[in-house]
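Single-letter residue listing:
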Amino acid sequence: MFQDRKEYRKNFSAEGFLYVGGEVLKLGCYDVSLKGAMIEVEPGELLSGIAEFESLLAEDRRAEIFVEALSLAGEVDIVWVKRERQRIMMGLEFRDVVHNAQKLWRRRRGYRKTESFEVDLFIDKDRYSAEGINRSTEGMCLRVQAPASAKIGAPVKLQVNQLGFSALGKVVWVEANDLACRFGVQLVIVK
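Residues numbered from 1 in each chain as written. Predicted model: local features only at pLDDT ≥ 70, side-chain atom pairs only at ≥ 80, totals over all residues. Heavy atoms only, no water.

K.L.:
I tried to follow the overall build of the chain on my own but got confused; where do I start?
P.N.:
Scanning the chain from N- to C-terminus turns up one helix and twelve strands. Buried residues in the chain amount to 39% of all 191 residues. When contacts within the chain are restricted to residue pairs at least 6 apart in sequence, those whose partners lie at least 24 apart make up 46%. Accessible surface for the chain amounts to roughly 12000 Å². Of this, 49% is attributable to carbon and sulfur atoms. (Helix = DSSP H or I, 4+ residues; strand = E, 2+ residues; numbered from the N terminus. Buried < 20%, exposed > 50% of the residue type's maximum accessible area, 1.4 Å probe, protein only. Contact = heavy atoms within 4.5 Å. Areas by Shrake-Rupley, 256 points an atom, 1.4 Å probe, with all protein chains shown as cover.)

K.L.:
Sorry if this is basic, but what is going on with the environment of K170 here?
P.N.:
Here K170 is to be found in strand β11 (residues 165–176). Taking relative accessible area as the criterion, K170 reaches 36% and is therefore assigned partly exposed. Expressed as a C-alpha distance, the spacing of K170 and G153, which sit 17 residues apart in the sequence, is 5.6 Å. Beyond its immediate sequence surroundings of up to four residues, K170 is in contact with G153, A154, P155, V156, G184, V185, Q186 and V188.

K.L.:
Would you take a moment to explain the sheet that holds strand β8 (residues 126–135) for this structure?
P.N.:
In a beta sheet, neighbouring strands are held together by backbone hydrogen bonds and run either parallel or antiparallel to one another. In space, the six strands of this closed barrel follow the order β7-β8-β9-β12-β11-β10, with antiparallel pairing throughout. Averaged over all adjacent pairs, the angle separating strand axes in this sheet is 45°, with direction ignored. Relative to β11, strand β10 (residues 155–160) runs antiparallel, the two being bridged by six bridges. Paired with V156 across the bridge in β11 is G169. (Pairing = 2+ DSSP bridges. Axes fitted to C-alpha atoms, helices over the stretch in contact; angles between N-to-C directions.)

K.L.:
Could you clarify how one ought to interpret the side chain of S166 in this entry?
P.N.:
For S166, the location among the structural elements is in strand β11. Residue class for S166 comes out buried when judged on its relative accessible area of 18%. When residues no more than four places from it in sequence are discounted, the contact partners of S166 are L158, Q159, I189, V190 and K191.

K.L.:
What am I meant to see in the environment of K151 here?
P.N.:
Topologically, K151 is positioned in the loop between β9 (139–144) and β10. Take K151: its relative accessible area is 60%, and that puts it in the exposed class. Through-space distance from the C-alpha of K151 to that of F183 is 9.2 Å; in sequence the pair is 32 residues apart. Leave out the neighbours within four places in its chain, and K151 touches V171 and V174.

K.L.:
Is there a simple way to explain the pairing of β11 in this structure?
P.N.:
Looking along a regular strand, one sees side chains alternate from face to face of the sheet. Once β10 ends, the chain turns through four residues before running back antiparallel as β11, passing G164 with a positive phi of about 75°. In this sheet, strand β12 (residues 181–190) lies alongside β11 in antiparallel orientation, the contact comprising nine bridges. Directly across from W173, in β12, lies its bridge partner G184. Where β11 folds back on β12, the antiparallel hairpin that results is connected by four residues.

K.L.:
Explain the pattern of salt bridges to me, please; I cannot follow it from the model alone.
P.N.:
Two side chains of opposite charge can pair, provided their charged atoms sit close to one another. On inspection of all chains with the given rule, the structure shows eleven salt bridges. A salt bridge links D120 to R127, with the nearest nitrogen and oxygen atoms 3.3 Å apart. Given the relative accessible area of 55%, R127 is considered exposed. The shortest N-O distance in the salt bridge between E131 and R143 comes to 3.1 Å. (Salt bridge = Lys/Arg side-chain N within 4 Å of Asp/Glu carboxyl O.)

Set out below in structure tokens:
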């Protein structure tokens, strides 16, 4: 009897993020199996309707997903997209995902986009020109090409003109040597 069943599916509700077509979209995850998931996505600025999603899928079906409640992050293929009762629904197939990761470095609190950007950084009374390595809605990884006075818990001010925002935050980790300093910043107030 077990062999006659379709794969096991679990119905529940969890929120997360989908990175597709150059933007991060909020999602609601309702149905998950070992191989994939069914989600509802909120329209974005570029991908705002079914026509835009169908056009994108004709070019590329890959996306990245993060669902905190499942400790799930990784790459997916978008198998189908449809409008259902004024909602945009998608079927996803998992490609390379991490489930219930135990190591802290694998348990991100949000999607991290790898990109280079410039940051004016103020720590105490020191000003640095920093390079952004990656970012999420909750924080970013920065690199300074000189030793920096960054200590864990230190308050920081950031001006990110390239991305159009300024923020207050705090240093949450530091890796330094004689030539450079790399550190993680948690965003507390974004303006």
